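Chain by chain, the residues run as shown.
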Amino acid sequence: MQSRNIRWALLALLLSAILLIGSSSLTLAAASPGDVVINEIMQNPSAVADSAGEWFELYNPTGADINIEGWTISDNDTDSHLINNGAPLLIPAGGFLVLGNNTDTGTNGGVNVAYSYGGSIAIANGADEIVITDELGTEIDRVEYDGGPAFPDPTGASMALIN
């Protein structure tokens, strides 16, 4: 009888642990516009070719991790890429995540890129846009830059959001 009670206690403990671990995924937030911010863009690297070194950084100002698996990167024209990491792609609460066309630091100018969108997105050196939408099609953030007249147009340096 005592071994049966021990087995039930162990089973209850195991189920509690499973529920606790499973509930940790509930801390992931559904994003609203502004919960993820495009805060830095390298549209014209000078250390490597554009095709190897373009990237942009996302910032999560919220208090919860945000999963961008299944979101879309696009522009106002024909560029579009569905983020398919094969697992959650998290921007940590208060943290950053870099997406680029190349994850190899040996060929991309030394940038730690967490996710590669390959050649499906080209970040133009002149006027262009980067638009981030969630899996339901809600626009979370966008940056539209004009190639110089009102927006910085650096070569070999990134454009960064200040404040």
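Draft legend 1. Structural detail: the overall build of the protein. Counting its regular elements, the protein contains 2 helices and 11 strands. Sequence-ordered secondary structure for the protein, helices as α and strands as β, is α-β-α-β-β-β-β-β-β-β-β-β-β. By the burial criterion, 36% of the 163 residues in the protein qualify as buried. Relative to all contacts within the protein whose residues are 6 or more apart in sequence, the contacts with residues 24 or more apart total 59%. Carbon and sulfur atoms make up 58% of the accessible area of the protein, which totals about 8,900 Å².

Draft legend 2. Spotlight on the side chain of N101. Examined against the element boundaries, N101 turns out to sit in the loop between β7 (96-100) and β8 (115-116). Apart from residues lying up to four places away in sequence, N101 is in contact with D50, S51, A52, G53, E54, S116, Y117 and G118.

Draft legend 3. Structural context of the sheet that holds strand β4 (residues 72-74). Pairing in this open sheet of 4 strands is antiparallel, and the strands run β5-β4-β9-β10 from one edge to the other. Edge positions in the sheet fall to β5 (80-82) and β10 (139-145), since each of these pairs with one other strand and no more. Averaged over all pairs of adjacent strands, the angle between strand axes in this sheet comes to 10°, irrespective of strand direction. Looking at chain direction, strand β9 (residues 128-133) and β10 are connected through 6 bridges and run antiparallel.

Draft legend 4. Structural context of the confidence of the model for the protein. Summing up the model confidence of the protein, the mean pLDDT is 85 and the portion of residues at 70 or higher is 82%. Between residues 7-26, whose pLDDT stays under 50, and residues either more than four places distant or in other chains, the model counts 0 contacts.

Draft legend 5. View of the nonpolar core. I41, F56, L58, I68, W71, I73 and L99 are the most contacted members of the largest nonpolar core, which totals 25 residues. Secondary structure elements with two or more residues in this core: β1 (37-42), β2 (55-59), β7, β9 and β10. Ranked by the residues each element gives to this core, the list is headed by β10, at 3 residues. Not counting the four nearest positions on each side in its chain, L58 is found in contact with V36, V37, I38, N39, I68, I91, G95, F96, L97, L99 and I132. With 5 residues, the next largest nonpolar core counts M42, W55, V98 and V113 among its residues.

Draft legend 6. Inspection of empty space enclosed by the protein at higher detail. Inspection of every chain in the model, using the stated rule, returns 1 cavity of 30 Å³ or more. What the largest cavity holds in volume is close to 30 Å³. Every residue along the wall of the largest cavity is listed here: S74, D75, D79, I121, A122, I123, D128, E129 and I130. Of the residues forming the lining of the largest cavity, the biggest block, 3 residues, is contributed by β9. Residue classes in the lining of the largest cavity are distributed as 4 nonpolar, 1 polar and 4 charged.

Draft legend 7. Here's a closer look at the pairing of β2. Within β2, 4 of the 5 residues are buried, leaving the element largely enclosed by the surrounding structure. Of the pairings in the sheet, the one linking β1 to β2 comprises 5 bridges and is antiparallel in character. Residue pairing in the sheet places E40 in a bridge with E57 of β2. Where β2 lies against β7, 5 bridges are found, and the strand directions are antiparallel. The partner of F56 across the bridge, within β7, is L99.

Draft legend 8. Main features of the packing of aromatic side chains. Applying the stated criterion to the full structure yields 3 aromatic pairs. On the basis of an interplanar angle of 25° and a centroid distance of 6.0 Å, the ring pair of F56 and Y117 is categorised as stacked. In this pair, F56 is assigned in strand β2 and Y117 in the loop between β8 and β9, connecting sequence segments 61 residues apart. A relative accessible area of 0% means that F56 is categorised as buried. Arranged with centres 6.2 Å apart and planes meeting at 40°, the rings of Y145 and F151 form a pair that is tilted. Take Y145: its relative accessible area is 4%, and that puts it in the buried class.

Rules and cut-offs
- Residues numbered from 1 in each chain as written.
- Predicted model: local features only at pLDDT ≥ 70, side-chain atom pairs only at ≥ 80, totals over all residues.
- Heavy atoms only, no water.
- Helix = DSSP H or I, 4+ residues; strand = E, 2+ residues; numbered from the N terminus.
- Buried < 20%, exposed > 50% of the residue type's maximum accessible area, 1.4 Å probe, protein only.
- Contact = heavy atoms within 4.5 Å.
- Areas by Shrake-Rupley, 256 points an atom, 1.4 Å probe, with all protein chains shown as cover.
- Pairing = 2+ DSSP bridges.
- Axes fitted to C-alpha atoms, helices over the stretch in contact; angles between N-to-C directions.
- pLDDT = per-residue confidence, 0-100.
- Core = buried A, V, L, I, M, F, W, Y, C linked by side-chain atoms within 4.5 Å.
- 1 Å grid on protein atoms, 1.4 Å probe; cavity = no way out; pocket = protein on both sides within 12 Å on 5 of 7 lines; lining within 4 Å.
- Points joined across faces, edges and corners; volume = space filled by probe spheres on them.
- Nonpolar A, V, L, I, M, F, W, Y, C, P; charged D, E, K, R; others polar.
- Phe/Tyr/Trp six-rings, centres within 6.5 Å; stacked < 30°, edge-to-face > 60°.

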